[in-house]
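These are the residues of each chain, in order.
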Amino acid sequence: MKKHLFFGGIHPKYNKEMSLGVTAFQRITPSRVVIPLQQHIGAPCQPLVQVGDHVLRGQKIGDGEGLCVPVHASVSGTVVAIEPHPHTSGRLVNAIVIDNDQTDATMEPTPITAPLDQLDNDQILHAIREAGIVGMGGAAFPGNVKALSAMGNVDTLIANACECEPYITADDALLRSTPEQVLEGMTILRHVLKPSRVVLAVEDNKAAAIEKINGILKNYPGIELAVLPTRYPQGAEKQLIQALTGREVQPGKLPVSVGCAVFNVSTYAAIYRAVRLGTPLTERIVTISGEAIAQPQNFIVRIGTPFHDLIEVAGGLNEKTERVISGGPMMGFAQSDLSVPVIKATNSILCLLKDRNGAAENPVCLRCGKCVNVCPMRLQPLYMYRFVNAGRLDELERLNLLDCIECGSCAFTCPGKLPLVERFRKGKQLLREAKAK
Ligand code: SF4
Ligand code: SF4
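S.K.: Is there a simple way to think about unusual backbone geometry in this case?
M.R.: The peptide bond linking Tyr232 to Pro233 adopts the cis configuration, its omega dihedral lying at 0 degrees. Tracing the sequence through the fold places Pro233 in the loop between strand E11 (223-228) and helix H6 (237-245). Positive phi values are uncommon outside glycine, yet Lys194 reaches one of about 50 degrees. The exposure class assigned to Lys194 is partly exposed, which follows from the 13 C-beta atoms found within 10 Å. In this structure, Glu406 takes a positive phi of about 55 degrees despite not being glycine. Along the chain, Glu406 turns up in the loop between helix H11 (393-398) and helix H12 (409-413). Judged by local crowding, Glu406 falls into the partly exposed class, with 16 C-beta atoms found within 10 Å.

What follows is the structure, encoded as C-alpha cells:
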C-alpha cells in the first residue's frame, strides 16, 4: 500500500498501556439503567412503553421517523420512569429508566441466516436500522442512513481502528478479542456497497491486535489491512481518508464526495451481530482509564449504565480527581454529574487527576503560529479565536470555522494555553444559530 500523510497532527503521550493490563472483560449489569431516547444524530425517539410496563432485554422501547434509529432495553425489568435525565452532551434528554429484575429475560433473536448473495440491500439495511446501530466511534450517525447514502457512490470502504485518542483502548480490545466480528461486518457492508477496495486501518501501536487480524485475514479475501504510523488525529474521517488514499475531502463536504465510506470497527461488529445474530445494540466495550481510577480496564457495559456504577466497579475515584471525561482527553466532554449513562457512542470514561489541556488563567496569544502548523484541517486557530471573542460571524464563516473537527491539536500545542476548542465550540454554535435564522 502506498503510504500518504495527512496534514498537521501531533504526538501526545498515548498512555494506552494503562487499560490493557486486564485482558479478560468484566461484564457490567447494573441494578438500574437509564436509556436516553436520543443517542444518535437526528430526531429523538418517542417512547413505545409506559411506566409500569415489564420489558425484555433487546425489546424496542423507543423509535421515531426520519433520521432516527430505535433504542432497546439493555436489561429485563420494569419501567419506573420516563423523564428528562442528564446526558453526556451536557443537556437534559428524555430517558426511559428500567429497574433490572436480574433475570436477563431476552427477546427471541431474529438472525438472517441466508448467504449474502441471496440477500438484498433493503433487507440488510432494515436489520441494521432495527438493531439501532449508530456510529460507535463517537459520531453516532445512524448506520443504515450512512450506508444508504454511500450506495453507488463509493469505491473505497474503510474500517477505522485507529483509535488515536490517548488512553482509549476499546477498539483495540475488540480487535484482540473478536476480530472476526469486525471482518464479518465489513463483509456485509462490502456486499451492500460493492466497493473495489476494502481496508481495515489500524495504527502501529496496536501490535497484539494486528497479530490477531493477520492470523485470520486469509479467511477474508479482498480485505486489506493497512498499518499506519501512529499520529493524532488519524482516526478523524477526513485525515484517515487522506492517509489511506491521498484524497482530500474539501471543506463542508463528506467522505462520500471523494468516493469513501468510513465506519468504526465497533460499528462493523455491531452490524455483524445485528444481521447474523439478530441482536440489537444493547451493550458495548467501554474503556475506563486515567490516573484517577483505581483499576483501569475495558468492560463490556450495558447501554444505560450510569457512569458512577462503572467507576465503582473499577475501584472508585481518587479523592484528588480533577476531571471525569466522556471520551478521550482531546475531544471528550467533561462531566459534572456522574449519573449520566453510557450511551451507544460512549467509548471511554477518563478519570484525570490533572486536566493537562486546561487553559491558563490569563491566556495570551504569542502569535507563534504553532496552532496553524498542527491543524489537520488547515485552519487558522489564532484568528478564529480572536474572531469568536469579537463575535465576528462573517470572519468565522470566511475562515471555515464549521470545518473544525474539535481535535484539540491546536490547544495541545499552544504555549499561550488559550482555551481554543472551548471557544470554537461556542463559535460554531453561534454560526449554526445564525444560519438557522
Ligand atoms: S481543534 Fe479545530 S482548529 Fe484546532 S487543530 Fe483541531 S481542527 Fe484545527
Ligand atoms: S499556538 Fe497559541 S499562542 Fe501560538 S499563535 Fe496559536 S493561539 Fe497564539
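There's more to say after this.
S.K.: Teacher, can you tell me more about the sheet that holds strand E8 (residues 92-100) here?
M.R.: The 4 strands are arranged E2-E8-E7-E4 in an open sheet whose pairing can be described as antiparallel. Across the chains shown, the open sheet's two edge strands, defined by having one partner strand only, are strand E2 (32-36) and strand E4 (54-55). Pairing between E2 and E8: 5 bridges, direction antiparallel. Bridge assignment links Arg32 to a residue of E8, and that residue is Asp99.

S.K.: What is the right way to look at the site of ligand 2 in this model?
M.R.: Lining the immediate surroundings of ligand 2 are 15 residues, of which Cys365, Cys368, Cys371, Cys414 and Gly416 lie closest. Of all the secondary structure elements, the ones that give two or more residues to the shell around ligand 2 are helix H9 (370-374) and helix H10 (381-389). Among the elements that take part in the shell around ligand 2, H10 stands out by supplying 3 residues, more than any other.

Calculation notes
Residues numbered from 1 in each chain as written. Chains lettered and ligands numbered in written order. Predicted model: local features only at pLDDT ≥ 70, side-chain atom pairs only at ≥ 80, totals over all residues. Helix = DSSP H or I, 4+ residues; strand = E, 2+ residues; numbered from the N terminus. Buried ≥ 20, exposed ≤ 12 C-beta atoms within 10 Å, placed from the backbone. Pairing = 2+ DSSP bridges. Near = placed C-beta within 6 Å.

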